[in-house]
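Analysis of the macromolecular model
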Amino acid sequence: MTVLPLTQWRLVRTPPGAAATPDQLSRDLPSIPAQAPGTVASALLAQNAFDPALPENLDGDDFWYRATVDAHGPHRLVCEGLATIAEIFLDERLVATSQSMFVPLEAMLDLRGHHDLHICFRALGPLLEAKGPRAKWRPRMVSPQTLRLWRTTFLGRMPGWCPPVHAVGPFRAIELHPADEPFRLISCRTNYADDCGQLSVIVESQGREVRLACDGREIALQQDSDRYTGTLDLPGIAPWWPHTHGDPRLHEVSLNIDGVAFSLGRTGFRKIEIDRGADGGGFGLRVNDVAVFCRGACWTSADIVSLGGTRAQYEPLLTHARDAHMNMIRVGGTMLYETNAFHELCDELGILVWQDFMLANFDYPAADSDWCELLRAEADAFLWRTQMSPSLAVLCGGSEVFQQAAMMGVAAAKWSSPVFDELLASAVSRCRADVPYVPNTPFGGAPPFEPRTGVTHYYGVSAYMRPLSDARDAQVRFAAECLGFAHVPENDVELEDGRGAVVQPCWGERVPGDVGAVWFFEQVRNHYLQALYGVDPDQLRLDDPTRYLDLSRATTVEIVENVFNSWRRHGSQTRGGLVWFLRDVTPGAGWGVLDFSGAPKPVWHGLARAYRPLQVLLCDEGLNGLDVHVVNDGAETRPVEITLTCLRDGALPVMQATRRLELAPHSTSALPATDLWGAFFDTAYAYRFGPPSHDVTCAVMRDARNGDILSEAFHFPLGRGHAQADLGLAAELVQDDHGWSLHVSTRVFAQSVHVNDANYRALDHWRHLAPGAPRIIRLIPREGACETPQGKVSAVNGLDVAFYGARP
């Protein structure tokens, strides 16, 4: 017998409570095709009967799904996710009910041929009207307040954050499993210490002999009735690493039951610990006894309409994350648990996962035993199905619950509750003791959101419009979210009307924001645009919308590089930062570093440079001068050459020096620029004795073995400026075995050099370019592209140069 997926359904909509059982449904009701996994919204969208941008109250009606089943004998019906209040009927008989979107549902069915299977998703709206126990605080971010009483996602229910798409329907797979499966996995856990892995399993089976195998080694499990247990020791097994620090090695795990092999999937062996720092007030991760600077982004959803969870939906987004050198993704408490495919991809790609339980902002009903039992079942289900995932790195009680209480003046003793201190902590200890647990984020300080202690959500540089120096002055230890900006997409189509839309009053309507906040995220970006380039953004938007967009793009690129350079410098106490978000949930200038279509925005390129495992950084230390910092996250010693050059008028070298260094594995170091010069030189223009001798300092890290450029960094002692001039920018289009590329050079230092081509996407652009040898920018064809590349190369301080044709 095999597993039977139930994917094809018919969908009927009725007023709430109109039918208590399937036989009460009118035969005249219109129905539409629907998919499982899928949602009511995705079924309506497929019929052109739904617009994600327009509010529609899907919580206000009942929705009936119907499928036919042809099978015989006992079967186990497995529903991996039903949103949210659901009743399951076999023919006319109620066989199971669901009270939580996050708890899988199983029901035993005795099938005798042809049957009708109905699932009724009851209207959540009337239930949300009922008041619950009085809350100690009432956040404004989520509506309505009674959502805290029901186990469902906040996606679609956060005004200003995302489209109002209510989650209703079978958003995860529905399957029929044979009742006589050869085994049932109770637990499979890994441990790694002292270069030795351990694999421990508990299995239920009617077999006579069960053996466990991994990495070419196996043992016979010990039998106790129909339960088999055992631990396989694996000395010398290759460990799993985040991809920035080593190889994310995975190993096949299998059972052999009476001579028949069954795969359990793949797992990895690693040790993850929290590092509080020398003062005990910090937060960071050590993986396999190595300190890891965690960098990445906060996850939203691969598809906010269908809530899709397939490998095909996840892979492009997570590959972009890996290619930007992200080594951590956080799934926040306002989202939903992703499918096994998400975690398997993170395992393969070497991306750590910070996983919040689905709790955020509210004062939850900890005294409600039924609610707590649902949450316990939810936690156990998630932890069981991800028990073999080595990428799961942090389990967190939820998002901004303690912060919300503290900001509303609630006494510190009431910030937490047994939900976080006992229920979830116990679940993690019981099911995934190898993963550190944090009760909430932010957490650790007094108040809980202060940056200099524990975990924070850092928006000093961002919403609070602090100067760029605040990223360092705030003494951030770990930012589980940070740097929220209205990042402008690379493609003007994402801005709806392109150039014309920018000057319309509706331009900012689709820019996300926090309800009740005095800041507006376009205003935030404009604040920094003016600070960096010295122009009035509102006037520029009216006078030259195209340039306004380009400077807006360049602004957030410059900010993320500046902040992460500060946080990754040698001696920094900061151990991680995750930007807010990875991907936009609606078209426009959203928080994501990938746009709504999943394509990289300009800021993605800045992060890809800031997150590189091999890195050279320049840090202005005021009267102490300019320091050169070098980072090697990798597992091998790297011989490099560092060249430091000061340019006058962006062209004339007035100082230059080169130093060869051997970068130890997993190391950082720093040296003053004066050590490179061999004498005093006012590199940072801090002393200001006389007119400035230069306007930009360039640091280049090259591989000492072959001369390849590994990293570059820049310092502007006089600021960036906004004037445009003829820089002598040149671009040559070249085709080779790898495809198309541009060889770009300049006579005068060029800022934020970028490529515009309707049919091709550039890799590693929105970058500064110093005079000298050409830099190669690879071109990747966009979907459907069939033409030769043709477009222009631009710099925000220079004139455009066109490219077309190819060199023979």
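So, here is what we can say about the structure in this document. (Residues numbered from 1 in each chain as written. Predicted model: local features only at pLDDT ≥ 70, side-chain atom pairs only at ≥ 80, totals over all residues. Heavy atoms only, no water.)

**A word on the nonpolar core**
- One finds Trp9, Trp299, Leu424, Phe564, Trp567 and Leu582 to be the most contacted residues of the largest nonpolar core, which totals 179 residues.
- It is helix H11 (residues 545-568) that contributes the most residues to this core, 10 residues altogether.
- With near-sequence residues (within four places) excluded, leucine 582 lies in contact with Ala297, Cys298, Trp299, Leu317, Ala321, Met326, Ile329, Gly592, Val593 and Leu594. (Core = buried A, V, L, I, M, F, W, Y, C linked by side-chain atoms within 4.5 Å. Buried < 20%, exposed > 50% of the residue type's maximum accessible area, 1.4 Å probe, protein only. Helix = DSSP H or I, 4+ residues; strand = E, 2+ residues; numbered from the N terminus. Contact = heavy atoms within 4.5 Å.)

**Topic: the packing of aromatic side chains**
- For the coordinates displayed, the defined rule picks out 33 aromatic pairs.
- Relative to tyrosine 687, the ring of phenylalanine 680 lies with its centre 5.7 Å away and its plane at 85 degrees, an arrangement referred to as edge-to-face.
- The exposure class of phenylalanine 680 is exposed, given its relative accessible area of 59%.
- Each member of the aromatic cluster is reached from another via a ring pair, and the members are Trp161, Phe521, Trp580, Phe581 and Trp591. (Phe/Tyr/Trp six-rings, centres within 6.5 Å; stacked < 30°, edge-to-face > 60°.)

**Here we look at the sheet that holds strand S20 (residues 294-299)**
- Taken in spatial order, the eight strands make up an open sheet running S24-S23-S22-S21-S20-S27-S26-S25, and their pairing is parallel. Because the sheet does not close on itself, it has two edges, and the strands there are strand S24 (437-438) and strand S25 (456-458).
- Of the pairings in the sheet, the one linking S25 to strand S26 (residues 479-482) comprises three bridges and is parallel in character. Along S26, the bridge assignment pairs threonine 456 with alanine 479.
- Helix-sheet contacts for helix H4 (residues 340-349) involve S20, strand S21 (328-331) and strand S22 (352-356), and the interaxial angle to S22 is about 145 degrees. (Pairing = 2+ DSSP bridges. Axes fitted to C-alpha atoms, helices over the stretch in contact; angles between N-to-C directions.)

**Re helix H7 (residues 418-431)**
- Taking 1.5 Å of rise per residue, the 14 residues of H7 would be expected to cover 20 Å, and the 18 Å separating its terminal C-alpha atoms lies within 8% of that figure.
- Maximal helix bending in H7 amounts to about 25 degrees, located at alanine 425.
- Residues of H7 that are buried: Val419, Phe420, Leu423, Leu424, Ala427, Val428 and Cys431.
- The secondary structure elements touched by the buried residues of H7 are strand S9 (183-193), helix H5 (369-385), strand S23 (392-396), helix H6 (401-407) and S24. (Expected span 1.5 Å × (residues − 1). Bend = angle between axes of the 7 residues up to and from the residue.)

**Focus: the packing of helix H3 (residues 311-323) against H4**
- Contact geometry of H3 with H4 gives a least axis separation of 10 Å together with a crossing angle of 35 degrees. At the point where H3 passes H4, the crossing takes the right-handed sense. On H4, the residues touching Arg311, Tyr314, Glu315, Leu318, Thr319 and Arg322 of H3 are Ala341, Phe342, Leu345, Cys346, Glu348 and Leu349.
- In the contact of H3 with H4, the residues fall into seven nonpolar, one polar and four charged. (Left-handed = near helix turned anticlockwise from the far one by under 90°. Nonpolar A, V, L, I, M, F, W, Y, C, P; charged D, E, K, R; others polar.)

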